[in-house]
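Below, each chain spelled out in residue letters.
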Amino acid sequence: MKVIKRDGRIADYNGSKIIMAIQKANAEVNSKDRITEQKTYDIEKMISKLPQSKIQVEEIQDLIEHQLVQEQKYELAKKYIIYRYKHALVRKANTTDESILSLIRNDNKELAEENSNKNTLLASTQRDYIAGEVSRDLTKRVLLPEKIVKAHETGAIHFHDADYFLQPIFNCCLINIGDMLDNGTVINGKLIERPKSFRVACTVTTQIIASVASNQYGGQSVDVRHLGKYLRYSEEKFRRKAKEELPGFTDEQIEQVVAMRTKEELEAGVQTMQYQINTLMTTNGQSPFVTLFLLVDDNDPYEKENALIIEEIFKTRYRGIKNEKGVYVTPAFPKLIYVLDENNCFKGGKYDYLTKIAAKCSAKRMYPDYISAKKMRENYEGNVFSCMGCRSFLSPWKDAQGNYKFEGRFNQGVVSINLPQAALLAKGDEGKFWEILDERLALCHEALLCRHRALEGTRSDTSPIHWQYGAIARLEKGEVIDPLLHNGYSTLSLGYIGIYETTILIKHCSHTAPEGEKFAYKLMRHMRHTVDQWKKESGLGFALYGTPAESLCYRFAKIDQKRFGDVKDVTDKGYYTNSYHVDVREKIDAFSKLVFESGFQKISSGGSISLVEIPNMEHNLEALETVIQFIYDNIQYAEFNTKSDYCQCCGYSGEILINDDFEWECPQCGNKDHAKMNVVRRTCGYLGENFWNEGKTKEIRSRVLHL
């Protein structure tokens, strides 16, 4: 008989361990409560003669307890249970010590690279990470089922929410900023009434953003359209004051004064948002992870004002923000999403000029990202709305009056599946792959339900800004949030990594090849059908999420490389491709890539984005505008990633040179600190660390020896 241990290892049955455990418990009770030595051996003999070829170690312990109770040795059974429990505690000893100490020593590389918005040298960031490590440890040892923990640690799945699972907080959201501005809110126990000017509305918005970020884990998005009316309020106020203060002025002169003051108000308000978002620090030890959603709607009564706000946001982003040396650099936040529609997609629309400014901004500062209103309406029942800050999309949902609602909704949590690992275990057998896939999807489902149940029973008092004062809802004090967790109001996301590598393993070709594409679509539809079934059976808002954390592409690949060795075009690269994306090494032009990935976006309705790698386009804006127009016609959501090098010290964008001492050196400011440069050398698609070849020539060779 073989014994299956808790970690999945299989060992030979050893009866002496059973006898020893009973004897140790026997020694701790009074003589009248002890079991005879013969009975001890009888129990072991009974277990050794069981008919099965394999037995779980927990089953053996259950049988021992049962036999002791049968012998009416209740005190002894209790001691054995305590003995068993103590050993379980030893097995699950606290594992945070080394990870926390390595964080304080600043040699925890995994944490340092996990989030580019968090500086692990800062005390405030370390405090947040320490809390996260404690939560992760308790989550693994106590809160999650052992099989979910094991699946996470072996890279079968990734439980994204472990470092805040201990607390009743969720992942990301779309703030109902319109309700909070129009009807007032409360921050830190202080009433914030409806603003009377644009500048104050911008200040209040950033304070809301900071408060929301401090009480949740992931990103948030804000629809800028709600600020349009406040710019008009300011304009009307300036007009009234001008008429009072300048009685001799003509109407034309009055309007000139009003326009000048409104322009100053607009610039000051937008600049306030940029400075506030980049200088405020949340309790997470970072700037608020926020996205601004930029849409000019022809049916909006404040259309003109919104267009002015968007234009100013682009100008402010293009200019950048000064670093500690006084040099303009690209701020990480807010992220910008600009909506392309018939009125601005270079087809003679009245807002084409805005898209030209957006293109100029993309070329220099990489933002905004672009959403095609046309394609989004096709995919989301005629609706156009922002993704949440983490790029996760909400499924359409209607209120009791039959109106679609997106703002004020949120994501409960995310679990991602490692598709290439399932394919590696299948060893090329497609039938076996589908079996393993379904087993692991069931694990993901169970893990997501753990996330959901952890939030059930949460009271609105845990985060008043979310539940009581409008960011999500206007619940009463002490009221539970459960209705917002059910009926599809919020989402539970299934992320996925490595469609490309999985296709390589099962079909021996890329998913861009005809046979590979057919398999990839089958795989995507299978996952989508699975989450739709979960939703149908439970009423919970399960969704298929195509853009989980980029760092996960490296974590899964690292685990699998250690387990399976170097597998060509799979683990040997050191990374997996995110979701359905085309691998960076494939020779495919930007237009073909966007068209190809567009089909997968429709299936991945819980989140999707496509990336286009471009050279520095500041001197070729016409070409960039052509790609932007192509996005409108062909794909729902896309972003640009410029290949030009970038120096954080001086803001230089271009090729960073290699000096005679074989060091990177910025040609503009002379900076040689590699940590303050973004040096891109991606001709082979390798994304890791580069090093000199043996001859120390000026060629750079990657760790995997791709020139």
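See above for the structure.
## What about the overall build of the protein chain?
Line of reasoning, step 1. Counting secondary structure elements, the protein chain contains 23 helices and 25 strands.
Line of reasoning, step 2. Evaluated residue by residue, the protein chain yields a buried proportion of 53% over its 707 residues.
Line of reasoning, step 3. Within the protein chain, counting contacts between residues at least 6 apart in sequence, those at least 24 apart form 68% of the total.
Line of reasoning, step 4. Accessible area for the protein chain stands at about 32400 Å²; split by element, carbon and sulfur atoms hold 50% of it.

## Quick word on the side chain of Glu597
Line of reasoning, step 1. Position of Glu597 relative to the elements: it lies in helix H22 (residues 590-603).
Line of reasoning, step 2. By relative accessible area, which is 0% here, Glu597 ends up buried.
Line of reasoning, step 3. With residues up to four places along the chain from it excluded, the contact list for Glu597 reads Tyr580, His581, Val582, Ser610, Leu611 and Ile635.

## Description of helix H11 (residues 228-245)
Note: α-helices contain 3.6 residues per turn, so residues at a spacing of three or four share the same orientation.
Line of reasoning, step 1. Under the 1.5 Å per step criterion, the end-to-end length of H11 is 26 Å for 18 residues, consistent within 8% with the ideal 26 Å.
Line of reasoning, step 2. When H11 is considered as a whole, its buried residues turn out to be Gly228, Lys229, Tyr230, Leu231, Ser234, Glu235, Phe238 and Ala242.

## So, empty space enclosed by the protein
Sizing a probe to match a water molecule and rolling it over the atoms shows the empty space that remains.
Line of reasoning, step 1. Summed over all chains, the structure comprises 3 cavities of 30 Å³ or more.
Line of reasoning, step 2. Surrounding the largest cavity, Val270, Met273, Gln274, Ile277, Leu292, Ile313, Thr316, Arg317, Pro334 and Leu336 form its lining.
Line of reasoning, step 3. Mapped by element, the contributors of at least two residues to the lining of the largest cavity are helix H12 (251-279) and helix H13 (303-319).
Line of reasoning, step 4. For the lining of the largest cavity, the element with the highest residue contribution is H12, accounting for 4 residues.
Line of reasoning, step 5. Among the residues making up the lining of the largest cavity, the classes are represented as 7 nonpolar, 2 polar and 1 charged.
Line of reasoning, step 6. A per-element tally of the lining of the second largest cavity places helix H8 (residues 146-153) first, with 3 residues.
Line of reasoning, step 7. Among the residues making up the lining of the second largest cavity, the classes are represented as 5 nonpolar, 2 polar and 1 charged.

## Looking at the pattern of salt bridges
Line of reasoning, step 1. A full pass over the atoms with the stated rule returns 34 salt bridges.
Line of reasoning, step 2. Between Arg528 and Asp532 there is a salt bridge whose closest N-O contact spans 3.2 Å. Linking Arg528 with Asp532, this pair stays in helix H20 (residues 514-538), spanning 4 residues, or about one helical turn.
Line of reasoning, step 3. Residue classification places Asp532 among the partly exposed positions, given a relative accessible area of 33%.

## Details of the packing of aromatic side chains
Line of reasoning, step 1. Evaluation of the coordinates by the stated rule reveals 26 aromatic pairs.
Line of reasoning, step 2. With a centroid separation of 5.8 Å and 70° between ring planes, the pair formed by Tyr370 and Phe640 is classed as edge-to-face. Of this pair, Tyr370 sits in strand S13 (residues 369-372) while Phe640 sits in strand S18 (residues 637-642), and the two are 270 residues apart along the sequence.
Line of reasoning, step 3. By relative accessible area, which is 2% here, Phe640 ends up buried.
Line of reasoning, step 4. Seen in terms of ring centroids, Tyr380 and Phe393 are 5.7 Å apart; in terms of plane orientation they differ by 40°. Their pairing is tilted. Pair noted here: Tyr380 is in the loop between helix H15 (373-379) and strand S14 (409-418) and Phe393 is in the loop between H15 and S14, with a separation of 13 residues, a long-range link.
Line of reasoning, step 5. Overall, Tyr380 belongs to the buried group, its relative accessible area being 2%.
Line of reasoning, step 6. Here the aromatic residues Tyr380, Phe385, Phe393, Phe406 and Tyr637 are joined through ring pairs into a cluster of three or more.
Line of reasoning, step 7. Above the ring of Tyr318, the side-chain terminus of Lys360 is found at 4.8 Å from the ring centroid.

## Some thoughts on the sheet that holds strand S3 (residues 54-56)
Line of reasoning, step 1. Pairing in this open sheet of 3 strands is mixed, and the strands run S2-S1-S3 from one edge to the other. The strands lining the two open edges of the sheet, one partner per strand, are strand S2 (10-12) and S3. Neighbour-to-neighbour, the strand axes of this sheet turn through a mean angle of 35°, independent of strand direction.
Line of reasoning, step 2. Where strand S1 (residues 2-4) lies against S3, 3 bridges are found, and the strand directions are parallel.

## As for the packing of H11 against H13
Line of reasoning, step 1. Contact pair H11 / H13: the axes reach a minimum separation of 8 Å and the direction vectors enclose 100°. The angle between H11 and H13 places the two elements in the roughly perpendicular class. Where H11 approaches H13, its residues Gly228, Leu231, Arg232 and Glu235 are matched on the opposing element by Lys304, Glu305, Asn306, Leu308 and Ile309.

## Re the nonpolar core
Line of reasoning, step 1. With 71 residues, the main nonpolar core has Ile175, Leu227, Leu294, Tyr338, Phe410 and Phe640 as its most contacted residues.
Line of reasoning, step 2. Ranked by residues supplied to this core, first place goes to helix H10 (residues 198-213) with 7 residues.
Line of reasoning, step 3. Setting aside its immediate chain neighbours within four residues, Phe640 contacts Ser362, Met366, Tyr370, Leu611, Val612, Ile614, Leu624, Val627, Ile628 and Ile631.
Line of reasoning, step 4. Within the second largest apolar cluster, 58 residues are counted, among which are Leu443, Tyr580, Val582 and Phe600.

## Quick word on a nonpolar patch on the surface
Line of reasoning, step 1. On the surface, Val134, Leu143 and Leu166 cluster together into a nonpolar patch covering about 220 Å² of accessible area.
Line of reasoning, step 2. In this fold, Leu166 is placed in the loop between strand S4 (157-159) and strand S5 (172-174).
Line of reasoning, step 3. Residue class for Leu166 comes out partly exposed when judged on its relative accessible area of 43%.

## A closer look at the packing of helix H14 (residues 352-365) against helix H23 (residues 621-634)
A pair of packed helices can be characterised by two numbers: the angle between their axes and the separation between those axes.
Line of reasoning, step 1. Following both chains from N to C, one finds H14 and H23 inclined at 110°, their axes separated by 10 Å at the closest point. Considering their axes alone, H14 and H23 lie roughly perpendicular with respect to each other. Classified by chirality, the crossing of H23 by H14 is right-handed. Of the residues in H23, those in contact with Thr355, Lys356, Ala359, Lys360, Ser362 and Ala363 of H14 are Leu621, Leu624, Glu625 and Ile628.
Line of reasoning, step 2. Of the residues contributing to the contact of H14 with H23, the split by class is 5 nonpolar, 2 polar and 3 charged.

## Re the environment of Glu255
Line of reasoning, step 1. Considering the arrangement of structural elements, one finds Glu255 in helix H12.
Line of reasoning, step 2. For Glu255, a relative accessible area of 35% gives the class partly exposed.
Line of reasoning, step 3. Separated by 13 residues in sequence, Glu255 and Ala242 have C-alpha atoms that sit 8.8 Å apart.

## Section: the environment of Ala27
Line of reasoning, step 1. Position of Ala27 among the secondary structure elements: in the loop between helix H1 (15-26) and helix H2 (37-48).
Line of reasoning, step 2. In this structure the C-alpha to C-alpha distance between Ala27 and Lys79, which are 52 residues apart in sequence, comes to 9.6 Å.

Criteria and cut-off values
Residues numbered from 1 in each chain as written. Predicted model: local features only at pLDDT ≥ 70, side-chain atom pairs only at ≥ 80, totals over all residues. Heavy atoms only, no water. Helix = DSSP H or I, 4+ residues; strand = E, 2+ residues; numbered from the N terminus. Buried < 20%, exposed > 50% of the residue type's maximum accessible area, 1.4 Å probe, protein only. Contact = heavy atoms within 4.5 Å. Areas by Shrake-Rupley, 256 points an atom, 1.4 Å probe, with all protein chains shown as cover. Expected span 1.5 Å × (residues − 1). 1 Å grid on protein atoms, 1.4 Å probe; cavity = no way out; pocket = protein on both sides within 12 Å on 5 of 7 lines; lining within 4 Å. Points joined across faces, edges and corners; volume = space filled by probe spheres on them. Nonpolar A, V, L, I, M, F, W, Y, C, P; charged D, E, K, R; others polar. Salt bridge = Lys/Arg side-chain N within 4 Å of Asp/Glu carboxyl O. Phe/Tyr/Trp six-rings, centres within 6.5 Å; stacked < 30°, edge-to-face > 60°. Lys NZ or Arg CZ within 6 Å of the ring centre and 35° of its normal. Pairing = 2+ DSSP bridges. Axes fitted to C-alpha atoms, helices over the stretch in contact; angles between N-to-C directions. Parallel < 35°, antiparallel > 145°, perpendicular 65-115°, else oblique. Core = buried A, V, L, I, M, F, W, Y, C linked by side-chain atoms within 4.5 Å. Patch = residues over 30% accessible without salt bridge, like charges linked within 9 Å, V, L, I, M, F, W, Y side chains within 5 Å. Left-handed = near helix turned anticlockwise from the far one by under 90°.

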